[in-house]
Amino acid sequence: MITESRRAAQTSLHLVDLPYPAHWEADVVLRDGGTAHLRPIRAADADLLREFHGRLSPETIYFRFFAPYPVLSDRDVTRFTVVDYDQRAAIVATVGGSIVGVVRYDQVKPAEAEVAFVIRDDYQGRGLGSVLLEHIAAAARERGVRRFVAEVLPANNRMLEVFRQAGYGPHTSMEDGYLLMEFTIEPTELSRAVMEAREHRAEAHSIERLLAPRSVAVVGASERPDSVGETLVRNLLDSGFQGEVYAVNPSADGAIRGLPTYARVSDIPGDVDLALVAVPPAAVLDVADDCAAKGVLGLVVVSSGFAEVGGDGRQRQRTLVTRARANGMRVIGPNCLGVLNTDPAVSLNASLSPVMPGRGRIGFFSQSGALGVALLETIVSRGLGLSTFVSAGNRADVSGNDLIQYWEDDPATDVLLLYLESIGNPRKFSRIARRTSRSKPIVAVKSGRSSQGIPLGHTVRATRLPPAAVDEMFRQSGVIQVETLSELFDVAMQLSFQPLPQGRRVSIIGNSDALAVLAADAAAARGLQLVGEPHTFGPGASPAEFGKVLAAVVDDPAVDSVVVLFVPPLNASGQNVARELGQVAGRATKPIVATVLAVEGASELLRRVSPDGVPAVGSVPAYASVEDAVRALAAVTSYAQWRRTPRGDVPELADIDPEAARDLVEAELMRSVEGCELSGAALTELLRLYGVNLWPTEPAATADAAADAAGRLGYPVVLKASVPHLMHRTDLGGVRLELGSESAVRRAYEQFLDTFGPQIADELVVQRMAGRGVACVVETSEDALFGPVVSFGIGGVVTELVEDRGYRIPPLSDLDAAALVRSPKAAPLLFGYRGAETMDVAALEDLLLRVSRLADDLPELARLELNPVLATPSGVAVLSGSARLAPPVARRDPGVRRLG
C-alpha cells in the first residue's frame, strides 16, 4: 500500500516514459520444480489483473491493501497497469497465461521506492515471492533506485519472511500499526548466497521430477516393430519401471503391448508426470499444449526436425520451450535419446537405448543423442554403473547446468560425467561447477574445442575466445577436462573405484623394465613426481612377491599413488598375479592404477564386486596402455590438488566507486549508439574510480613541446610513438628510454623525425620514466557467450607470438589473482629469474582484482587493455591503456534466477 503522503511525493517526481523493457522477461523455476514466466506489466493486462485479483482470498487482499477490497476499481487497474518502467514499474508472473503473482515499485523520492507484491493463494509457499523480489530489485537498480521501503501488516508472516530471508538485511520499525521495512537493494554476499541456494534447490527439484516420475505417457506409442514409438514402450516396460505407463496414439486400434491406448494425454484418467514425445515435429506443439492442459510436469522430446534443420525448425523449437515453460513444464530435447534412472525404486528406461547399465554411482549427461547408445555400451563394457543418464539432444531447455544442480545433492551420485557440444551459459556453469567440484568430481569432454563452432540445433551465442581461455574456465571451476570419450571413461574408472591421491608422488612397480620406463616418462610429462626408481623384478616373480612389494609401497608414507605394470611370462596366464594384486589393492587406502597386458579376464580379477553385482570401491582400474593409466591418474591427482586448495575470498575493495563509473560510462555511450573508444581523461577517470592510476602522457608535436613536457613531468622521461605498430616496440625504435636531460629529449625527437618522417610528430608523447622492471599486459574483454574474461601475460613480441597468456572468469578471488599472475610460462621473470630482483607481485595481484571487478561491474566495457603494466620491485606502473565501450549484451548469469 502507498500512503497518500508518499503518493503525493511521487507525483512531484518527473515521469519518463521508457519503452517496454523486454530484457526484464525471464523464465524461472519455482521451489516445487515448476516453472513460471516473468515479464513487465502492460496496459493490455487490465483484464488479466482483474481476474487475478478476483481469485485472491479475502485474507490475501487484506494483507496487500490493509482493507477489504474485493473488486479493483477502474482507476486502480489503470494505475497498476499503466507504468513508465522508470519511476513506476511492475513485473507479473504468469503460468498458463494467467497471472499468479505481481510485484511493483513506486518511487517516493530519488533513489528510493516502495515495493509491494501479492501472490495468488494457490502459488503461495512455492518461492514465487522471493523470485519476484530479486527481479524487481534488479529492474529498480537499473533505473537508479538504491533503496526499497515496504509496509507490511505484522500478521503477514509470508511477506515478512520473504523480505527477511532475501539477504538484504532490512531495518524494521513499527509505524501506525504496520511494520515499515527499509533496506538497500545492492547485492550483498549474503543476498547472492541466498539467491544461489534457492536457485540450486529449485532447479534440482525440477530435474528430480523428470528422473523419478510416478507415471509416464508415451505419445506416439506404436505396435510397429522397431519404430520409435514401439521402442520407447518396450524399453519402459522391459526396464521394470515402477510407475504407471500410458500409451497415447489417436490412430491406434486396440492395446499396445498390453497397454490401453488413449487419443490424447488429456484423456488419460490418472495423473501424468512425464510425457515421452515421439510424433512428427509439426505435431509436437499440439502435444505440448495437451500436456499442459493435463498438468504434465515435463516432456522428453525424442522427435527430430527442430533447430538442427534450421529455418522453421529453429522457430518451432523456440515456441516449444516457450509454451512448455509458460505452463510449468521442463523440456529434455528435442532430438534426444531420452533418460534413464537405475534406482530400483524407479527403474526407468525412458529412452531409445536397448542398453540399460547396472546401478552405479555415476551421473552422465550427454548432449549427443546419436552417441548415446555407444556411450551406454561403453559404460557396461568398462564395468561401470550409472545412477542416472540424460541425453539432451538440442538442449533447448534442460542443460548440463541443471543436471549438475541435481547431482550435487543426489546421494546416489558420486561422479559427474559430461559430454558437451556447447555451453549455453558458461558463467553459470563456472559458478555452480566450482561449488559442486568441491564435493564431487566433474569430468567433461568438450567437442569442437579447436573450431569453437556451434553444433546444429544448439541455439547459443558464438564465442570469440581462444580455446585456451575456455580450457582455463574448466580448470578454474575444478572440472577435469579430457580430450576424448575414451579418456572420459578412463578417468571415470579411477574416480569410481579409487580414493583421491593426497599428493603428486607416485611409485611404479612391475615385471617389465620397458613398461616401467614408459610409465616413468609419462608420469614426468604429466607433472607427477616419481618416488625413487621403479620397483621391477624378473618375469618369473611369483604372485606373492608382487603382492608383498605392492603392500610395502602402499604403506610407504612417501608415496601417494601407485602404478602397477604386469606382462605374463611365456607359457603363464598371469591370472594368479592379477588376483593377488586385486586382493592387496582392495585393502589399500591409496589410489592404484594398473596396466595388465595379455591376461585374459584381468579386469574382472582386479574388481571388487558388491553384493548386488556392481563393481565397488577398491576395484583396480585396468588400462590398455601405460600412457592411459598415467594420464588418468595425473588428471585425478590435479583435481585432488585443486580440491585441497582453499577457495580464496573475493575481497571488498574499499576505494572504488562503481556508481560513478556507471554514470561515466552511460554518459560516454550517449554520444554514440554504436559504441566508442575510451581514452584520455575519460579512461584515466574510469580507472581512477577503481583505484588504478594511469600514468599521464603529454603530447609532443614539436621538439620544444617535448622539452617543456619533460620539464613539467621531471627527468628522466620517455619519448614514444602512439601509433599502433610502434607502441611498446623498442626494437623498432618506437620508444626512447632514459632521457635524462633536455638535450637528450631534443636529440631523441630529431631521431624520430629522421627515422619515421615529419608526420610522426603528431603521434609522439612524453611520459615520466618508470624505472626498470618487467613489462606485463592486463586485458579484459566482454564475450557474447562467456561475459567478462580477464587475461594476463608478460609483455613482448615473443610472448604474443606463442600466446603465453593466462585467463580467468570474474569475479576473481585473491587466490585466483595469484594463480593468474603465475600462469604464463614466462612468469618466472617476476620471481627473480636467473638472479634478477623479485617484482612486487602483490601489487600485480591487486591490479588484477581491480580490473576484474571493473569488468564484472560494467558489461558496457567491451575491451580494456593496459599495456604496458610495468612490474617493479616496489610496485606497478600502468603506463598506457586503451578501452572500448559498446552497448551491453545481456549476460547469461545476471545475478537473478532465470532459465537459459
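Residues numbered from 1 in each chain as written. Predicted model: local features only at pLDDT ≥ 70, side-chain atom pairs only at ≥ 80, totals over all residues. Heavy atoms only, no water.

(A) Fine view of the sheet that holds strand β16 (residues 348-351). Taking strand neighbours across the sheet as the criterion, the 7 strands line up as β16-β15-β18-β17-β19-β20-β21 in an open arrangement whose pairing is mixed. Only two strands of the sheet have a single neighbouring strand rather than two, namely β16 and β21 (480-482). Recorded for the sheet is a direction-independent mean angle of 15 degrees between the axes of neighbouring strands. Across 5 bridges, strand β17 (residues 359-366) lies against strand β19 (residues 415-420) in parallel orientation. In the strand pairing of β19, Gly 363 is matched with Leu 416. (Pairing = 2+ DSSP bridges. Helix = DSSP H or I, 4+ residues; strand = E, 2+ residues; numbered from the N terminus. Axes fitted to C-alpha atoms, helices over the stretch in contact; angles between N-to-C directions.)

(B) Structural detail: the packing of aromatic side chains. Taken as a whole, this structure holds 18 aromatic pairs when the rule is applied. With centroids separated by 6.3 Å and ring planes inclined at 70 degrees, the aromatic side chains of Tyr 246 and Tyr 262 adopt a geometry described as edge-to-face. Of this pair, Tyr 246 sits in strand β10 (residues 244-248) while Tyr 262 is found in strand β11 (residues 261-262), placing the two residues 16 residues apart along the sequence. No difference in accessibility class separates Tyr 246 from Tyr 262, as the two residues are buried. Looking at Arg 64, its charged tip hangs above the ring of Phe 65, at a distance of 4.8 Å from the centre. Over the ring of Phe 752 we find Arg 736, and its NZ or CZ is 4.6 Å from the ring centre. (Phe/Tyr/Trp six-rings, centres within 6.5 Å; stacked < 30°, edge-to-face > 60°. Buried < 20%, exposed > 50% of the residue type's maximum accessible area, 1.4 Å probe, protein only. Lys NZ or Arg CZ within 6 Å of the ring centre and 35° of its normal.)

(C) Spotlight on helix α12 (residues 400-409). Across the 10 residues that make up α12, a large majority, 9, are buried. When we look at burial in α12, the residues that qualify are Gly 400, Asn 401, Asp 402, Leu 403, Ile 404, Gln 405, Tyr 406, Trp 407 and Glu 408. Where α12 begins, the capping side chain belongs to Ser 399, and its oxygen is found 3.3 Å from the backbone nitrogen of Asn 401. (Polar contact = N/O pair within 3.5 Å; in protein donor to acceptor, adjacent residues only side chain to side chain.)

(D) Seen up close, the sheet that holds β10. The parallel open sheet is built from 6 strands, whose spatial order is β11-β10-β9-β12-β13-β14. Edge positions in the sheet fall to β11 and β14 (330-332), since each has one partner strand and no second. Pairing geometry for strand β9 (residues 215-219) and strand β12 (residues 274-277), over 4 bridges, is parallel. From the neighbouring strand, Val 219 faces β12, where its bridge partner is Val 277.

(E) Just the nonpolar core, in detail. In terms of nonpolar packing, the biggest core is built from 58 residues, with Phe 148 and Phe 163 touching the most fellow members. Here the element with the most residues in this core is helix α5 (residues 128-142); it accounts for 8 residues. What Phe 163 contacts, discounting residues up to four positions off in sequence, is Val 115, Phe 117, Leu 133, Ala 150, Val 152, Pro 170, Met 181 and Phe 183. In terms of nonpolar packing, the next biggest core, distinct from the first, is built from 54 residues, Ala 204, Ile 207, Ala 278 and Phe 786 among them. (Core = buried A, V, L, I, M, F, W, Y, C linked by side-chain atoms within 4.5 Å. Contact = heavy atoms within 4.5 Å.)

(F) A look at unusual backbone geometry. The amide bond that connects Gly 333 to the next residue, Pro 334, takes the cis arrangement and shows omega of 0 degrees. Inspection of the secondary structure assignment puts Pro 334 in the loop between β14 and β15 (338-341). A cis amide bond links Tyr 715 to the next residue, Pro 716, at an omega of -5 degrees. Here Pro 716 is to be found in the loop between α23 (703-713) and β29 (717-721). The phi angle at Asp 176 is positive, at roughly 55 degrees, despite the residue not being glycine. Within the secondary structure, Asp 176 sits in the loop between β7 (171-175) and β8 (178-184). Positive phi values are uncommon outside glycine, yet Glu 738 reaches one of about 55 degrees. Its location among the elements puts Glu 738 in strand β30 (residues 735-739).

(G) Representation of the side chain of Arg 120 in the model. With respect to the element layout, Arg 120 can be found in the loop between β5 (112-119) and α5. At a separation of 2.8 Å, a polar atom in the side chain of Arg 120 contacts the side chain of Asp 122. In contact with Arg 120, other than residues within four places in its own chain, are Phe 52, Arg 55, Leu 56, Ser 98, Ile 99 and Val 100.

(H) Just the packing of helix α2 (residues 46-54) against helix α4 (residues 74-81), in detail. One way to put it is that α2 packs onto α4 with a least axis distance of 10 Å and a crossing angle of 115 degrees. When the axis of α2 is compared with that of α4, the two are roughly perpendicular. Handedness of the crossing formed by α2 with α4: right-handed. Judged by residue contacts, Ala 46, Leu 49 and Arg 50 of α2 engage Asp 74, Val 77, Phe 80 and Thr 81 from α4. Of the residues assigned to the contact of α2 with α4, the class counts are 4 nonpolar, 1 polar and 2 charged. (Parallel < 35°, antiparallel > 145°, perpendicular 65-115°, else oblique. Left-handed = near helix turned anticlockwise from the far one by under 90°. Nonpolar A, V, L, I, M, F, W, Y, C, P; charged D, E, K, R; others polar.)

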